[in-house]
Amino acid sequence: MAEMWINMGPQHPMTHGLWNLRVKVDGETIVDAVPEVGYLHRGIEKICEGKTYTQIIPITDRLCYGSSMTWSHLYCTTVEDLMGIEVPERAKYIRVVAIEMQRIASHLMWLAAYAGDLGMSVGFTYTMRDREVFVDLLQALTGARLTYNYPRIGGVAHDLPPNFVRDSIRATKYMEKRLKEYEDLFEGSKIFMMRNVGIGVLKRDDAINMGVTGPSLRASGVSYDLRKDRPYEAYGEMDFQVATHKDCDCYARYRVRMDEMWESCRIIRQALEKIPQGKWRIVAPRNAPAGTGFGRVEDPRGEGTMYVVGDGTDKPYRLKVRSPIFVTVSAAPKMLVGYKVADVVAIMGGLDMCIGENDR
């Protein structure tokens with residue numbers, strides 16, 4: 001049978017956004033793959049050159065609609081490195097709580113979409129239902145439900161609201177019960193297991209050599225997590241385990257994210273129990289010195305980094321964003337070749353694509 005190219009995208013349920021995956025097939029077997037991005041490019045890095053440092057914060061919120069808190073937090077830490085600012089201890093703990101809640105909300109959105117991809121409508125309903133618990137908490141904290149504009153250069157916008165600690169601890173205990181329910185639901189499904197176990201294998205050496213980070217790397221057996229290996233904010237004071245798996249397949253990537261949600265619940269409770277009193281923000285200077293700043297965080301999708309160049313004014317000369325998904329999607333051919341067309345949905349859905357941060 002003759003080989004042929006098939007376009008899956010740019011508008012396709014599997015893509016979770018505007019991008020195109022070209023797969024070369026021999027019958028039903030994939031023999032080559034070429035991911036094509038650029039359909040959602042907004043020029044955010046260039047836009048930032050014309051905005052003041054403070055005005056950029058809500059723009060970085062929009063890098064990823066699934067984990068906006070992580071990206072605005074990363075931007076603030078990058079500018080703090082440029083300005084030489086030390087954030088108050090209370091702000092560090094508040095940031096940890098906020099971004100771990102964002103991690104859970106992000107993973108639940110991924111799991112809901114993944115369940116929909118694989119035909120498990122009840123999984124979509126359950127996970128989106130429980131995601132609302134953490135979205136409500138983030139709304140109580142920030143006043144928004146998707147793009148939060150909460151981190152600030154020098155801390156956070158405001159202190160914890162009344163009853164936030166109580167409600168957050170209740171939410172984590174509720175979530176742990178639901179996680180057990182999810183495990184029974186998904187892993188008790190023969191169809192779900194058949195479509196995940198042994199599918200989309202990304203070997204350890206390939207993952208390392210191609211620069212893959214985050215859950216996709218840890219699912220290939222590499223225990224690397226910036227929160228543990230290069231602690232930032234208050235993560236050095238937290239007791240948690242890095243979720244890894246040795247099978248390197250779609251099931252491993254699912255399992256790593258499930259374990260990360262367990263650990264995020266632990267981190268949130270610890271941070272709230274240890275949070276000190278004091279300021280939650282210091283006033284940052286309007287102008288940044290001439291020089292460079294660098295920041296890196298463990299985004300729900302991998303290692304996000306930013307590099308900023310200051311020229312002594314109130315606007316950056318240059319801002320560069322490193323998207324973990326841009327690198328991970330580049331590794332797609334390694335996971336796709338040799339599998340069937342029907343496996344594309346599971347393999348690519350398991351990567352947790354976010355095109356906003358990918359195209360920027």
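Given the structure is predicted, the values throughout are model-derived calculations rather than measurements. (Residues numbered from 1 in each chain as written. Predicted model: local features only at pLDDT ≥ 70, side-chain atom pairs only at ≥ 80, totals over all residues. Heavy atoms only, no water.)

Undergrad: Any chance you could explain the side chain of Asp130 here in plain terms?
TA: Along the chain, Asp130 turns up in helix H5 (residues 121–142). If sequence neighbours within four positions are ignored, Asp130 has contacts with Leu108, Tyr174, Arg178 and Tyr182. (Helix = DSSP H or I, 4+ residues; strand = E, 2+ residues; numbered from the N terminus. Contact = heavy atoms within 4.5 Å.)

Undergrad: Explanation requested: helix H11 (residues 250–274) in the structure shown.
TA: Owing to its 3.6 residues per turn, the α-helix aligns residues three or four sequence positions apart on the same side. A rise of 1.5 Å per residue sets the reference length of H11, with its 25 residues, at 36 Å; its end C-alpha atoms lie 36 Å apart and thus fit the reference within 8%. Of all 25 residues in H11, 20 are buried, a share of seventy percent or more. (Expected span 1.5 Å × (residues − 1). Buried < 20%, exposed > 50% of the residue type's maximum accessible area, 1.4 Å probe, protein only.)

Undergrad: How should the packing of aromatic side chains be read in this particular structure?
TA: For any pair of aromatic rings, the description consists of the separation of the ring centres together with the inter-plane angle of the planes. With the rule as written, the count across this model stands at 8 aromatic pairs. Here Tyr114 and Phe192 contribute two aromatic rings whose centre-to-centre distance is 6.2 Å and whose plane-to-plane angle is 85°, an arrangement assigned as edge-to-face. A residue pair is termed long-range when its members are at least 10 positions apart, and Tyr114 in helix H4 (residues 89–117) and Phe192 in helix H7 (residues 190–194) qualify at 78 residues. For Tyr114, a relative accessible area of 0% gives the class buried. Taken together, a centroid distance of 5.1 Å and an interplanar angle of 70° make the contact between Phe192 and Tyr254 edge-to-face. On the criterion of sequence distance, the pair formed by Phe192 in helix H7 and Tyr254 in helix H11 is long-range, its members being 62 residues apart. Given the relative accessible area of 1%, Phe192 is considered buried. Sitting above the plane of the Tyr126 ring, Arg129 keeps its charged end 4.8 Å from the centroid. (Phe/Tyr/Trp six-rings, centres within 6.5 Å; stacked < 30°, edge-to-face > 60°. Lys NZ or Arg CZ within 6 Å of the ring centre and 35° of its normal.)

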